[in-house]
Amino acid sequence: MAVKPHQSRPPANVSSERAGRAKYPDVRNHVGGSFSESGNAFLDVHDPSDGSVLSRVPLSTQRDVEAAVAVAKNAAPAWAATPIKERVQVFFRYKTLLEKNIDSLAALITEENGKVASEARAEILKSAELTEFACSLPQIASGEVLEVSKGVECRIERYPLGVVAAITPFNFPNMVPNWSIPNAIALGNCMILKPSEMVPLSAGRIAELLREAGLPDGVLQVVHGGKEAVEAVCDSPGISAVSFVGSTKIAKVVYRRATATLKRCLALGGAKNHLIVMPDANAEMTSANVVASMSGCAGQRCMAASVMVAVSKTDHIIQKMVEHAKGIVPGRDIGPVISAAAKERIESFIAEAEAGGAKVLVDGRKATVAGKEGGYFIGPTIIDHVTADMRIAQEEVFGPVLVIVRAESVDEALEVENASSYGNAASVFTESGATARYVMEHASAGMVGVNVGVPVPREPFSFGGWNDSRFGVGDITGRGSIEFWTQAKKMTTKWNREAGTNWMS
Ligand code: NAD
């Protein structure tokens, strides 16, 4: 998609006034290597930093999805037959293109998602790291062979599934699509990407860069839209596997619907991550890490700190956290949240906790940025003396809000963590190796850390939570993704005539 200032004629279904307000032309689906006009209804895409209209995204229908699947199906045999060492050459070039275009790619993320420039750049670097892993798949995903009895050999070879799909959320417009695209495609699949309708522009750039890197037409399709497009992906008989990343509510819908048509599905959901802070923790490092974890990307990370369980005498650490949080300047260090509705939801969580007796130590509700009065800004907010039964301690807030629940012991802290229905991440801050090990063993989360605010496993390790943070088997990135995006063929052969006759004959 050419991301240029708006110049196209207004589409038939909106007024010329509305199309004229947008900075970019209408977003288009990318099918068979080119961008296609859509006759569908559109949704406005907003810049969350000032509320202005950036573009419009088409709401694709089942027909659009099926047309994209047909193109992908056509491309699938040739792509699957291309040796993996050749397939990954595309991704070596794609990684270079991500790095070369980091400024414009990061600027686009800032425009459509709101995160600040340093965070947007970090997102692109992470996309490059994910791609680097895909480049190593010929080494990592090679088959296995063993002589299992005299003259009899068993061999395992991995085959792609055919046409697969990825459905992605708004909070990482470039990185989360790249959780699935490089690995699934390098492993020989053709893909349909359905990005978030709130941040559709980055997906078009991904398709453009992959084409520039030499990806054959038809291997990746981008189909935009919302509920109808997602349902069509789940229902499509031509799609074999679906990865989903988003809220738990929709992860359950997608997992149930995709598996009802007998697809393979891995659906990552929301989170409520607990950081357990022990009294012996290093005060400076802990306070800086906890605040960075809860406020980074305006708290819109599925790995963000959400609940701090402060064990015993930790007031000196909390005091330092307050100082760190007050030093964060909205518009400079922290971007807006994604929408007016998100801002309202987050602020109502804070108000309810306050009304319930919790103490707001740092209040981000009045955040304003000069010249961006229409933006959806909320500053870092820290709320103390929250009780574990409050809604704000249990539900995903998805904003720059940290609640502090007090506990007397590490076991009491673990009880609070274990009671959560989610299970993405948990971390402990302590100087004691024994306490660290104890928490890592007993936290009910798929990704745990020690003295780390955001315990994201880096490749080749895989990303994935537990409980209501993930439905399906396995993980979405790293080595875990190889199993998900392929099927193993088990071959048993006998070439030695002296092998004799036994039960395998
Ligand atoms: P979302 O669930 O609203 O949307 C995700 C995708 O589902 C989008 O592509 C959207 O178009 C589609 N969708 C939305 N409503 C739908 C419906 N009714 N039927 C079918 N499809 C629908 O999530 P979001 O608001 O874009 O992203 C934020 C959420 O994603 C948070 O809950 C966050 O924790 C989660 N997330 C999780 C991870 C993880 O690894 N577990 C990573 C990133 C984000």
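Scroll up for the structure.
What comes next is a walk through the structure. Note that the structure is predicted; figures quoted are calculated from it, not measured.

**Let's talk about the packing of aromatic side chains**
Scanning the entire structure with this criterion turns up four aromatic pairs. For the ring pair phenylalanine 91 and tyrosine 94, a centre distance of 6.1 Å and an interplane angle of 85° mean the geometry is edge-to-face. Of this pair, phenylalanine 91 and tyrosine 94 both sit in helix H3 (residues 84–100), three residues apart, which is roughly one turn of the helix. The class for phenylalanine 91 is buried, based on a relative accessible area of 0%. Seen from their ring centres, phenylalanine 170 and phenylalanine 398 are 5.9 Å apart, and the 85° between their planes marks the pair as edge-to-face. Linking phenylalanine 170 in the loop between strand S7 (163–167) and helix H7 (175–186) with phenylalanine 398 in the loop between helix H14 (391–394) and strand S16 (401–407), this pair joins segments that are 228 residues apart in sequence. Each member of the pair, phenylalanine 170 together with phenylalanine 398, is buried. Against the face of phenylalanine 42 rests arginine 56, its NZ or CZ located 3.9 Å from the ring centre. A cation sits over an aromatic face here: arginine 391 above phenylalanine 349, 4.2 Å from the ring centre.

**Section: helix H9 (residues 227–235)**
When we look at burial in H9, the residues that qualify are Ala229, Val230, Ala232, Val233 and Cys234. Buried positions along H9 lie against helix H2 (62–81), S7, strand S8 (190–194), strand S10 (241–245) and helix H10 (248–260).

**Looking at the site of the ligand**
The ligand sits among 28 residues. The nearest are Lys194, Glu197, Ser247, Gly269 and Glu396. Note that an oxygen atom of the ligand is positioned 3.3 Å from one of the backbone N or O atoms of glycine 246. Contact distances for the ligand include 2.6 Å between an oxygen atom and a side-chain N or O atom of serine 247. The protein chains hide 88% of the 850 Å² of surface that the ligand would expose on its own. When residues of the shell around the ligand are traced back to their parent elements, those giving at least two are H9 and S10. Across the shell around the ligand, the residue classes break down as 14 nonpolar, 10 polar and four charged.

**Some details on the nonpolar core**
Counting residues in each nonpolar core, the largest one holds 85 residues, and the members touching the most others are Trp179, Ile185, Met191, Ile192, Leu210, Leu220 and Val242. Residues in contact with tryptophan 179, not counting those within four places in the same chain, are Leu130, Val245, Leu268, Phe463, Ile476 and Thr477. The next biggest cluster of nonpolar side chains, apart from the first, holds 62 residues, and it includes Met278, Val291, Ala353 and Ala413.

**Quick look at unusual backbone geometry**
Put simply, glutamate 459 and proline 460 share a cis peptide bond, and its omega is 15°. Relative to the elements of secondary structure, proline 460 occurs in the loop between strand S18 (447–450) and strand S19 (470–471). Residue cysteine 297 is not a glycine yet carries a positive backbone phi of 50°. One can find cysteine 297 in the loop between helix H11 (283–295) and strand S13 (305–311). For histidine 385, which is not a glycine, the phi torsion comes out positive at approximately 55°. Relative to the helices and strands, histidine 385 resides in the loop between strand S15 (381–384) and H14.

**Some details on the pairing of S18**
Successive residues of a regular strand alternate their side chains across the two faces of the sheet. Only one face of S18 is buried: it carries Met447 and Gly449, and the other face, with Val448 and Val450, is open. As defined by bridge partners, strand S17 (residues 425–429) adjoins S18 across four bridges and the pair is classed as parallel. Across the sheet, residue alanine 426 finds its bridge partner in S18, namely valine 448. Between the parallel elements S17 and S18, the chain passes through helix H16 (residues 433–442) in a crossover that is right-handed.

**Focus: the pattern of salt bridges**
Inspection of the entire model under this criterion finds 31 salt bridges. One salt bridge connects arginine 406 with aspartate 315, and the closest N-O pair in it is separated by 2.8 Å. One end of the pair, arginine 406, is in strand S16; the other, aspartate 315, is in helix H12 (residues 315–326), and 91 residues separate them in sequence. Relative accessible area serves as the criterion here: at 27%, arginine 406 is assigned to the partly exposed category. With a shortest N-O distance of 3.1 Å, glutamate 395 and arginine 391 are connected by a salt bridge.

Thresholds, definitions, all that
- Residues numbered from 1 in each chain as written.
- Predicted model: local features only at pLDDT ≥ 70, side-chain atom pairs only at ≥ 80, totals over all residues.
- Heavy atoms only, no water.
- Phe/Tyr/Trp six-rings, centres within 6.5 Å; stacked < 30°, edge-to-face > 60°.
- Helix = DSSP H or I, 4+ residues; strand = E, 2+ residues; numbered from the N terminus.
- Buried < 20%, exposed > 50% of the residue type's maximum accessible area, 1.4 Å probe, protein only.
- Lys NZ or Arg CZ within 6 Å of the ring centre and 35° of its normal.
- Contact = heavy atoms within 4.5 Å.
- Near = heavy atom within 4 Å.
- Polar contact = N/O pair within 3.5 Å; in protein donor to acceptor, adjacent residues only side chain to side chain.
- Areas by Shrake-Rupley, 256 points an atom, 1.4 Å probe, with all protein chains shown as cover.
- Nonpolar A, V, L, I, M, F, W, Y, C, P; charged D, E, K, R; others polar.
- Core = buried A, V, L, I, M, F, W, Y, C linked by side-chain atoms within 4.5 Å.
- Pairing = 2+ DSSP bridges.
- Right-handed = clockwise from strand over helix to strand, strands pointing away.
- Salt bridge = Lys/Arg side-chain N within 4 Å of Asp/Glu carboxyl O.

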